[in-house]
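Chains, contacts and geometry: an overview
Given next are the chains, with one letter for each unit.
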Amino acid sequence: MKQADGPGWGGVRPWMRLGSATVCWVMAACVGGDAGRVAFTPPPTPTELTAGEALFNLHCSRCHGVHAVGTDSGPSLVHEIYRPSHHGDEAFTLAVRVGVAAHHWRFGDMPPQPQVADSLVPPIRDYVRWLQRSAGVR
């Protein structure tokens, strides 16, 4: 196992490696443009998820698009790469808190989102998970 300050880690602290590995789902980078977009129109949002939808639209849709389908600035979160078994629920909180290093797409790094309080993450996460299920991402 490589040490945190060993070759290839560039002095990155172990907790940052773990955070980056866990959070790598939100706005990572390897192939930009349409490669990170998904054509998808969800059914009407369930009443219990409308608060999460509003929060997502306010804080996330600028980069991830309405219904999380992606934009030129960020990937779709209803893409198979973000399935819950690959990027767990805690990844949402870590992405908001510490950001995400680019690695799946060429959108660049996702910066931390300090304007999004921890209490706002669960309703956003629940809305995105519903969108994923609606798009067949499991």
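The present account deals with the structure reproduced in this document.

**A look at the environment of Ala 117**
- Checked against the element boundaries, Ala 117 lands in the loop between helix H4 (90–98) and helix H5 (121–134).
- C-alpha of Ala 117 to C-alpha of Arg 97: the two residues are 20 residues apart in sequence and 9.0 Å apart in space.

**Structural notes on the side chain of His 104**
- Note that His 104 resides in the loop between H4 and H5.
- Separated by 3.2 Å, the side chains of His 104 and His 103 make a polar contact.

**A few points about the packing of aromatic side chains**
- Under the defined criterion, the tally for this structure stands at two aromatic pairs.
- Centroid distance Phe 56 to Tyr 127: 5.7 Å. Interplanar angle 55°. Geometry classified as tilted. Taken together, the positions of Phe 56 in helix H2 (residues 50–59) and Tyr 127 in helix H5 put the pair 71 residues apart, joining distant regions of the chain. Pair check on accessibility: Phe 56 and Tyr 127 agree, each one buried.
- Here the aromatic residues Phe 56, Tyr 127 and Trp 130 are joined through ring pairs into a cluster of three or more.

**A closer look at the side chain of Thr 45**
- Its place among the elements puts Thr 45 in the loop between helix H1 (14–23) and H2.
- In this structure the side chain of Thr 45 is engaged in a polar contact, spanning 3.2 Å, whose partner is the side chain of Glu 53.

**What about the environment of Gln 132?**
- Here Gln 132 is to be found in helix H5.
- Classification of Gln 132 as buried rests on a relative accessible area of 0%.
- Setting aside residues no more than four positions away along its own chain, Gln 132 makes contact with Leu 77, Val 78, Tyr 82, Pro 84 and Val 137.

Conventions adopted
- Residues numbered from 1 in each chain as written.
- Predicted model: local features only at pLDDT ≥ 70, side-chain atom pairs only at ≥ 80, totals over all residues.
- Heavy atoms only, no water.
- Helix = DSSP H or I, 4+ residues; strand = E, 2+ residues; numbered from the N terminus.
- Polar contact = N/O pair within 3.5 Å; in protein donor to acceptor, adjacent residues only side chain to side chain.
- Phe/Tyr/Trp six-rings, centres within 6.5 Å; stacked < 30°, edge-to-face > 60°.
- Buried < 20%, exposed > 50% of the residue type's maximum accessible area, 1.4 Å probe, protein only.
- Contact = heavy atoms within 4.5 Å.

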